[in-house]
Amino acid sequence: KLELDRILNIVEDNEYALEDLTHILDLSIPPKRIEGYDISHIQGTDPVASQVVFINGIPSKQNYRKYKISNSNVFIGHSDDFASIEEVIIRRFKKWSRYKKEGGDFSILLDNKKSKLQNELLSDWPDLVMIDGGKGQLSAALKSLKTLDLLEEVNICSLAKKNEYIYVPGSNNPLNTDKNQKGMMLIRRVRDEAHRFAL
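Just so it is clear, the structure is predicted and the values come from calculations on it, not from any experiment.

S.K.: Quick rundown of the packing of aromatic side chains? Include the residues and the values.
M.R.: Within the structure shown, the criterion is met by four aromatic pairs. Arranged with centres 5.5 Å apart and planes meeting at 85 degrees, the rings of W96 and Y99 form a pair that is edge-to-face. Of the two residues, W96 and Y99 are both situated in helix α2 (residues 81-101); the distance of three residues between them amounts to about one turn of the helix. Of the two residues, W96 and Y99, neither departs from the other in class, the shared state being buried.

Rendered as structure tokens:
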């Protein structure tokens, strides 16, 4: 009984955090699948990007991915997080850009009533993408989404480390949030896990 109560409390806490995050980011539906991205390197060598996935607020480690960055602007003694983010977002969403060009119906993906896990596409489509960083990192990701013609389809934000500010497309200023909000705590967990996995 104690174990069941503990699990139910975690589920309830996650649901509340997801609802709060929906409100913070002004999303139309609670984000079931959240993806977090971070870039890591050793003074320009061995650059990698991490992709972590949270489903219903819980890490889904079988869905984590690691990308080796191959951009020529990243080399020993010189790192370029913006170029690395551009590359990883292009690689991650390239197939979805193709899907859109071929006339794919995104309303199926955005329909919260249908389980994405039962979708014939088995959609690894994210309800929310979180980039570790500030306005610059968000701009780099948006540049890639624009290239892929997916700006309208992807819900995206960035989380800056220094002041824990959330940035969203179309605004130069961070969102007005309280760092102790449940939604903020959830997005920080995603960011911290992306950072850990990248390292």
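That was the structure; now back to the text.
S.K.: Could you give an account of the nonpolar core, with specific residues and numbers?
M.R.: Of all hydrophobic cores here, the largest spans 27 residues; its most connected members are I89, F93, I131, L145, L150, V154 and I156. Only β1 (33-42), α2, α3 (106-110), β5 (128-132), α4 (135-147) and β6 (156-160) provide two or more residues apiece to this core. Ranked by the residues each element gives to this core, the list is headed by α2, at six residues. Ignoring sequence-local partners within four residues, the contact set of L145 consists of I89, F93, L150, L151, V154 and I156.

S.K.: Which residues make up the confidence of the model for the chain, and what values go with them?
M.R.: Per-residue confidence for the chain averages 87 on the pLDDT scale, and 87% of its residues sit at or above 70. Long-range and interchain partners of residues 115-122, a stretch whose pLDDT sits below 50, account for 12 contacts in this model, where long-range means more than four residues apart.

S.K.: Break down the packing of helix α1 (residues 2-25) against helix α5 (residues 182-198) for me, citing the residues and quoting the values.
M.R.: The N-to-C vectors of α1 and α5 enclose an angle of 95 degrees; their axes lie 7 Å apart at closest approach. By the angle class used here, α1 and α5 are roughly perpendicular. Of the residues in α5, those in contact with D13, N14, Y16, A17, L18, D20, L21 and I24 of α1 are K182, G183, M184, L186, I187 and R189. Among the residues forming the contact of α1 with α5, the class breakdown is eight nonpolar, two polar and four charged.

S.K.: So what's going on with the environment of K94? Residues and values would help.
M.R.: Within the secondary structure, K94 is located in helix α2. Given the relative accessible area of 46%, K94 is considered partly exposed. K94 sits 51 residues away from L145 along the chain, and the two C-alpha atoms are 9.4 Å apart.

S.K.: Could you give me a rundown of the packing of α2 against α4, with the residues and numbers involved?
M.R.: α4 packs onto α2 with a crossing angle of 35 degrees between their chain directions and a minimal axis gap of 8 Å. Viewed along their axes, α2 and α4 form a crossing whose handedness is right-handed. Of α4, the residues touching α2 (which contributes F82, I85, E86, I89, I90 and F93) are G136, Q137, A140, A141, K143, S144, L145 and T147. Class assignment of the residues belonging to the contact of α2 with α4 gives a composition of eight nonpolar, four polar and two charged.

S.K.: For the pattern of salt bridges, give the residues involved together with the corresponding values.
M.R.: Tallying each qualifying case throughout the model produces 15 salt bridges. One salt bridge in this structure joins E86 and K143, with 3.7 Å as the shortest N-O distance. With E86 in helix α2 and K143 in helix α4, this pair connects stretches of sequence that are 57 residues apart. Of the charged contacts in the structure, one is a salt bridge between K100 and D149, with a shortest N-O distance of 3.4 Å. Taken as a pair, K100 in helix α2 and D149 in the loop between α4 and β6 lie far apart in primary sequence, 49 residues in all. Overall, the relative accessible area of 25% leaves K100 in the partly exposed class.

The rules we used
Residues numbered from 1 in each chain as written. Predicted model: local features only at pLDDT ≥ 70, side-chain atom pairs only at ≥ 80, totals over all residues. Heavy atoms only, no water. Phe/Tyr/Trp six-rings, centres within 6.5 Å; stacked < 30°, edge-to-face > 60°. Helix = DSSP H or I, 4+ residues; strand = E, 2+ residues; numbered from the N terminus. Buried < 20%, exposed > 50% of the residue type's maximum accessible area, 1.4 Å probe, protein only. Core = buried A, V, L, I, M, F, W, Y, C linked by side-chain atoms within 4.5 Å. Contact = heavy atoms within 4.5 Å. pLDDT = per-residue confidence, 0-100. Axes fitted to C-alpha atoms, helices over the stretch in contact; angles between N-to-C directions. Parallel < 35°, antiparallel > 145°, perpendicular 65-115°, else oblique. Nonpolar A, V, L, I, M, F, W, Y, C, P; charged D, E, K, R; others polar. Left-handed = near helix turned anticlockwise from the far one by under 90°. Salt bridge = Lys/Arg side-chain N within 4 Å of Asp/Glu carboxyl O.

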